[in-house]
Amino acid sequence: MLRDLWRPLRLSRASGMFLFFSLVKFHPDISRLQLFSSSMDYKIRLWDLQSSKCIALLESHYSAVTCLAFSADRETLVSSGRDKICTVWDLNTRAVKRTVPVYESVESVILLPEGVDFLPLGVKKSGLHFLTAGSKGILQVWNASTATCVYSQPLPRHQDACEEEASEHSLVHCALVPVKDEVVTVNAEHNIVFYDARTLQFRKQFAGYNGEVLDVRFLGPGDSHIVVATNSPQLKVFELVTSDCQILYGHTDTVLALDVFRKGTLFVSCSKDKSFRVWRMKKNGQVVCVAQGLGHANGVGAISCSRMKESFVVTVSQDCTIKVWNLPESLSAKAKAAGSESLRPRLTEKAHDKDINSVAVSPNDRLMATGSQDKTAKLWASHDCSLMGVFSGHKRGVWCVQFSPVDQVLATSSADGSVKIWGLQDFSCLKTFEGHDASVLKIVFVSRGTQVLSSGSDGLLKLWTIKTNECVKTLDGHEDKIWGLHANRQDDMVVTGSSDSCIVLWKDVTEIELEEEQAKQEEQILKEQELSNLLHEKRYLKALGLAISLDRPHTVLTVIKAILKETSGKEDLQSNLLKLRKDQKEAVLKYAVTWNTNSRNCHEAQAVVGTLLRHESPESLLQLEGIKAAVESLLPYTERHFQRLGRLLQAATFLDFMWQSMRLADASRQDEDMSM
């Protein structure tokens, strides 16, 4: 079929027509061997694949044809185009039955199957109905016989009704999935959306492309979701179990930072649009904006929430100021407001001389810390925004500040590649962690405050133990700067987001590894006890197999020595070795190579090698893994052993000769004495 498909292309070139096909589709009746195509001349051609000729030309569109859909009876074709019309064709006469103006550039069309109840979509009578997806970003159902729209999805709240050509939200593809009873759409932002096929109600959404991830936070009462700030004005909320994604609209410029309140249902975001927003997650998982704050002169670069109660928010900006915003009780009490409330700052203070990169609130809500490009971090009182101290010591700008959840210390990370721990009493540097080769962008306390996890612009994560001042783990999961780093409330999982557009979930497996290690040790003890019992009972074959499974060369050597000590040791060794599996023989041969390097164990090694050489065929020996390397290693040491045995035999022979000579001389003297 593919060979025949190429023949019309060659024919068109030979006739001087250079057609760049934008769409091809086979006739639904395979027995006809026909192919429909559309090219840049806006015409639909019907090709006979047997004769490689164009047998019909369908002309109706004045722009690119984007989709072809066939009816179930294979007698009707619906074509859509960017000229804002859909054309219904009679395939028998190849003539236009009806032209349906749809008032948008259509990218995809689906014919609704007959015999299915589509009453919620306005389909009240039988007949041909089709669904269109295009530049408006919504799905519409049309009656082909009357050329009227019987159902149209409502425009999203974030989309202006006057936007007829909404490029950001336009749909580029649409498909019907009968098995799931779903309609799947793909929009210009690479998001995949699933709708109920009978009602066109939203079911779920997958985000296809994240862009540069600037921040990420766990969200929900049980950390069931994550909220992500990408290099766009929209926020994305992902459900971790299903990967279902909500897209939150509200900001008008890039969102730079996020933070979540203690309970996990209320969170805040700040943006380059000089504002921050407060969002609430409902019990059904839907997220809505409940408040907005305006007041900074430049983009808001960092934000932090109160830790004990949902009482205030702290923001910092490129205008070098820090602002404290009180949240009304209506938000904390979960009151149902008609819309988002407008917030005003309670306190404003000029904090640094350069851009402020980070802000954090202490666990008791009494202190605030800021980090700036002026190479310093500062400590502030949250009730009146008074300066309490300055942390000086970094050689370059401070990227992140974090309070310890258990100790009165502050952690800072800097562009100089270091992480520092500071005391809150005297503002002195207690510890310095150096190991990153690039800027350290984010830090977070983990393991109940005993460790610090840092992320760098080199795409690496490093885990530091505060007590020992050591880097105990380096994690490589990203290829670019890691801007987002957050730990969940259970302190057993971390999420990271990077400029490489990837979001990675990391799980703390320390306890699992300890349990596995303990289980392995217990199993090892049981096997060693079993091995000892087998040796005592002289069940050498099972003992040999158990020792090999434990990968204990010395134990295997002990078993072989015990076998050779028996009266019929060589015969027993031969019978036991020949009963081993191929992989076990390979392991014993590997061990024998090592034993052969020591004169104390060479006899056992030679016994094993000799048994294999005498009773295994050359073909089976060649199939053993590593046989070539084993032979090359055995030869030089075996020659040394034979030379040593030769010298020992010579010395023993000479000693025997001397002993015999001494006996003969002594015997002759005795004879002389007796004769005298």
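To be clear, the structure that these remarks concern was listed above.
Calculation notes
- Residues numbered from 1 in each chain as written.
- Predicted model: local features only at pLDDT ≥ 70, side-chain atom pairs only at ≥ 80, totals over all residues.
- Heavy atoms only, no water.
- Pairing = 2+ DSSP bridges.
- Helix = DSSP H or I, 4+ residues; strand = E, 2+ residues; numbered from the N terminus.
- Axes fitted to C-alpha atoms, helices over the stretch in contact; angles between N-to-C directions.
- Salt bridge = Lys/Arg side-chain N within 4 Å of Asp/Glu carboxyl O.
- Buried < 20%, exposed > 50% of the residue type's maximum accessible area, 1.4 Å probe, protein only.
- Polar contact = N/O pair within 3.5 Å; in protein donor to acceptor, adjacent residues only side chain to side chain.
- Contact = heavy atoms within 4.5 Å.
- Phe/Tyr/Trp six-rings, centres within 6.5 Å; stacked < 30°, edge-to-face > 60°.

Draft legend 1. Seen up close, the sheet that holds strand S19 (residues 235-239). Ordered in space as S17-S18-S19-S20, the 4 strands form an open sheet in which the pairing is antiparallel. A strand with exactly one partner marks an edge of an open sheet, and here the two such strands are strand S17 (213-219) and strand S20 (245-248). Taken over all neighbouring pairs, the strand axes of this sheet differ in orientation by 20° on average, direction set aside. Strand direction decides the pairing type here: strand S18 (residues 225-230) and S19, joined by 5 bridges, are antiparallel.

Draft legend 2. Fine view of the pattern of salt bridges. Inspection of the entire model under this criterion finds 17 salt bridges. A salt bridge links Asp-215 to Arg-217; the shortest N-O distance between them is 2.9 Å. The class for Asp-215 is buried, based on a relative accessible area of 2%. Between Asp-223 and Arg-489 there is a salt bridge, and its shortest N-O distance comes to 3.3 Å. On the criterion of sequence distance, the pair formed by Asp-223 in the loop between S17 and S18 and Arg-489 in the loop between strand S42 (482-487) and strand S43 (493-498) is long-range, its members being 266 residues apart. Connected via shared salt-bridge partners are Asp-215, Arg-217, Asp-259, Arg-307 and Lys-442.

Draft legend 3. How the structure looks around unusual backbone geometry. Its identity is not glycine, yet Lys-84 carries a phi of approximately 70°, on the positive side. Secondary-structure assignment places Lys-84 in the loop between strand S6 (76-81) and strand S7 (85-90). A positive phi angle is found at Arg-94, which is not glycine, with a value near 60°. In this structure, Arg-94 sits in the loop between S7 and strand S8 (95-101). Note on Arg-94: relative accessible area 36%, which makes it partly exposed.

Draft legend 4. Up close: the side chain of Asp-215. Relative to the helices and strands, Asp-215 resides in strand S17. At 2.9 Å, the side chain of Asp-215 forms a polar contact with the side chain of Arg-217. Among the polar contacts listed, one links the side chain of Asp-215 to the backbone nitrogen of Leu-258, at a separation of 2.9 Å. If near-sequence neighbours (up to four positions away) are discounted, Asp-215 is found in contact with Val-227, Val-228, Ala-229, Leu-256, Ala-257, Leu-258, Lys-442 and Gly-484.

Draft legend 5. Quick look at helix H4 (residues 540-549). Counting buried residues along H4, 7 of its 10 residues qualify, which places the element largely inside the surrounding structure. Along H4, the residues that are buried comprise Tyr-540, Ala-543, Leu-544, Gly-545, Leu-546, Ala-547 and Ile-548. On its buried face, H4 sits against helix H3 (510-536), helix H5 (553-564), helix H6 (569-578) and helix H7 (582-595). Directly beyond the C-terminal end of H4, a positive phi value near 55° is found at Asp-551.

Draft legend 6. Molecular detail of the packing of aromatic side chains. For the structure on display, the rule yields 11 aromatic pairs. With a centroid separation of 6.0 Å and an interplanar angle of 50°, the aromatic rings of Phe-21 and Trp-47 are classed as tilted. Of the two residues, Phe-21 is situated in strand S1 (residues 21-26) and Trp-47 in strand S3 (residues 44-48); the sequence distance between them amounts to 26 residues. Residue Phe-21 is classed as partly exposed on the basis of its relative accessible area of 25%.

Draft legend 7. Main features of the environment of Leu-580. Checked against the element boundaries, Leu-580 lands in the loop between H6 and H7. Taking relative accessible area as the criterion, Leu-580 reaches 7% and is therefore assigned buried. Considering only alpha carbons, one finds Leu-580 and Gly-610, 30 residues apart in sequence, at a separation of 16 Å. Non-local contacts of Leu-580, meaning those with residues more than four positions away in its chain, are made with Leu-541, Leu-544, Ile-548, Lys-585 and Val-588.

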